[in-house]
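What the coordinates show
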Amino acid sequence: MTNGNGGAGGTRGKAIKCKAAVAWGPRVPLSLEEVEVAPPGPLEVRVKVLFTSICHTDLSAWKGENKAHRKYPRILGHEAAGVVESVGEGVEGLAPGDHVVPIFTGECEKCVYCKSNKTNVCGTYRVDPFKTTMVHDNGTRFSVVDRWSGVRQPVFHFLNTSTFTEYTVLDAACAVKISPKAPLEKICLLSCGITTGVGAAWNSADVSAGSTVAVFGLGVVGLAVAEGARLRGAARIIGVDVNPAKFTKGKEMGVTDFVESKACDKPVHEVISEMTDGGVDYSFECTGINDVLREAFLSTHDGWGLTVMLGIHSTPKMVPLHPMELYGRRIIGCVFGDFKGKSQLPDFVDKCVNGEVNINFDGFITHKMPFSDINKAFQLLEEGKSLRCLLNL
C-alpha cells in the first residue's frame, strides 16, 4: 500500500478526500460526507481505517446525553483497526504500512505517569471526552463543506481517535503497532471493549482461581469481564442484567449463574449474598447507573470484597456510598482495563494470535455491515439487538 517514506499513491504531505460519517447534532442521523483529511502534524500519524465498530460510548455521544460533550460537526468512533498511511515529523516506532489499532487513552512513554507502574493514564494523551482537537496545535485535521452555507469548516475530533471515517489522524501516542499476523477485523475490538473488560478482571481486580465474581451489565464490557474471569479460573461468574435475552450469550462467554434484576423480589445484593454465602469476592459494574453501582458494591463479601467500576457515569452524579461503608469493602475505577496501550497491548495481541489467550472474538461480533449502513448499526445497538456491529470500510 505504501513505500517507506509516505502514503499510497504519493499522498504523503497532501490532504486526502474521503468518506466519513459526520455527526451534526444530538440524535441527528450520521451523514456520509466527503471530508478532507489534512496530513499529520508533528508526532501524529494518518491512518487508513479498515474496520471500525460501535460502542455504547459512541451511542451516548451521538445522543448528546452529556451536554458538556456536545460539539459539532464531529466524527465519532474509537474502536477500530487500520494501516498507517503516513507519519508526521518526529514520529518514532511507526511507519507507513504498519498495522495499528487506535487507543482512546494514549501513552507517550516518557511522562511521569507513563513511567509509573501504578497507572495507565498519560499526562498528555489520557482520555478526555471534552477534548475535540489535536494536541500539537489545538486544531483539527478534518474539514467539510457546510451543507447550508457552502463554506468549508472544521470537523471536531472524538476521544483521541475519530474512526468513523476512511482516514483519520491520530497522535502517535494513540496508535498502537501490532503484528501484521493479527486479523484486523477481530483485533479492532481490542481497541476498547474487550481490552477494558478482560483487563479489569486481570489487571484491576487480579481475579484469582476459585473465586466468585458478579458482573452487572452483560454488554460487551461485561461479557469481556466474564471472559477474563473465566480465563483466570473463577469458580462462579454471576451475570446480572435486566434483559434475560442476554443470558444465552452470557453462558457462551463463561457466565455460570444469572440474575434477572427486574424479576427479583428483594435487592439484587441480597440475592447474590444468599447465592454465595455472604457475597462475591469481586464485582464489576458495567452500566453507568448509580443504583447499579451501589448494588454491585453491596454484593461483595464483607471484609475483602472488591468492586471495579467500568460504567461511564453522567455528570454531576456522585458515588452512592457512605464513607463508613468502605470499612470492609473496596471500590476502584478502571480505564482501558488498566492496560498501558503502547507498551502492553501489542503483547496481548500476540498472545491472542498465537493461542496463549483464547478470547472468543466471534462471540462478540453479532453483525457485519458495510460502512454505509452505520445508522442501521447504531439503531441495532440502541435497541439492544447487537453487541458489536463490525463495519467494513
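In short, a report on the structure.

So, how was this worked out
- Residues numbered from 1 in each chain as written.
- Predicted model: local features only at pLDDT ≥ 70, side-chain atom pairs only at ≥ 80, totals over all residues.
- Heavy atoms only, no water.
- Phe/Tyr/Trp six-rings, centres within 6.5 Å; stacked < 30°, edge-to-face > 60°.
- Lys NZ or Arg CZ within 6 Å of the ring centre and 35° of its normal.
- Core = buried A, V, L, I, M, F, W, Y, C linked by side-chain atoms within 4.5 Å.
- Buried < 20%, exposed > 50% of the residue type's maximum accessible area, 1.4 Å probe, protein only.
- Helix = DSSP H or I, 4+ residues; strand = E, 2+ residues; numbered from the N terminus.
- 1 Å grid on protein atoms, 1.4 Å probe; cavity = no way out; pocket = protein on both sides within 12 Å on 5 of 7 lines; lining within 4 Å.
- Points joined across faces, edges and corners; volume = space filled by probe spheres on them.
- Nonpolar A, V, L, I, M, F, W, Y, C, P; charged D, E, K, R; others polar.
- Arc of directions from axis to C-beta.
- Contact = heavy atoms within 4.5 Å.
- Pairing = 2+ DSSP bridges.
- Axes fitted to C-alpha atoms, helices over the stretch in contact; angles between N-to-C directions.

In this section: the packing of aromatic side chains. Within this structure, the stated rule accounts for 7 aromatic pairs. Here the aromatic residues W62, F164 and F378 are joined through ring pairs into a cluster of three or more. Above the face of the F156 ring, K71 is positioned so that its terminal group lies 4.8 Å from the ring centre.

What follows deals with the nonpolar core. Membership of the largest hydrophobic core comes to 96 residues, with the highest contact counts inside it found for F164, V207, V213, F284, F348, F364 and I374. It is helix α5 (residues 220-231) that contributes the most residues to this core, 6 residues altogether. Listed in part, the 10 residues of the second largest apolar core include A214, V240, V259 and I272.

All chains considered together, the criterion is met by 1 cavity of 30 Å³ or more. Considering only enclosed or pocket space, the largest cavity measures out at about 30 Å³ in volume. Residues of the lining of the largest cavity, tallied by class, amount to 3 nonpolar, 4 polar and 2 charged.

With that settled, consider helix α7 (residues 268-276). Listed in full, the buried residues belonging to α7 are V268, H269, V271, I272 and T276. Down the axis of α7, the buried set is contained in an arc of 155 degrees. They therefore lie on one face. Next to the buried residues of α7 lie β10 (212-216), β11 (236-241), β12 (257-260) and α8 (290-298). With its phi angle positive at about 60 degrees, D277 sits one or two positions after the end of α7.

All right, on to the sheet that holds strand β2 (residues 31-37) then. The 4 strands lie next to each other as β1-β2-β6-β7, forming an open sheet whose pairing is antiparallel. The open sheet is flanked by β1 (16-22) and β7 (152-155), the only strands paired with a single partner. For this sheet, the mean inter-axis angle between neighbouring strands, taken without regard to orientation, is 45 degrees. Pairing geometry for strand β6 (residues 142-145) and β7, over 4 bridges, is antiparallel. In the sheet register, F142 faces β7, and the bridge partner there is V155.

Of the voids in this model, the second largest pocket is the one considered here, and its volume is about 380 Å³. Surrounding the second largest pocket, 19 residues form its lining, E92, C108, E109, A172 and A173 being those nearest its centre. Looking at the lining of the second largest pocket, the elements with two or more residues in it are β9 (175-177) and α9 (341-354). The element that contributes the greatest number of residues to the lining of the second largest pocket is β9, accounting for 3 residues. Here the lining of the second largest pocket is composed, by residue class, of 10 nonpolar, 2 polar and 7 charged.

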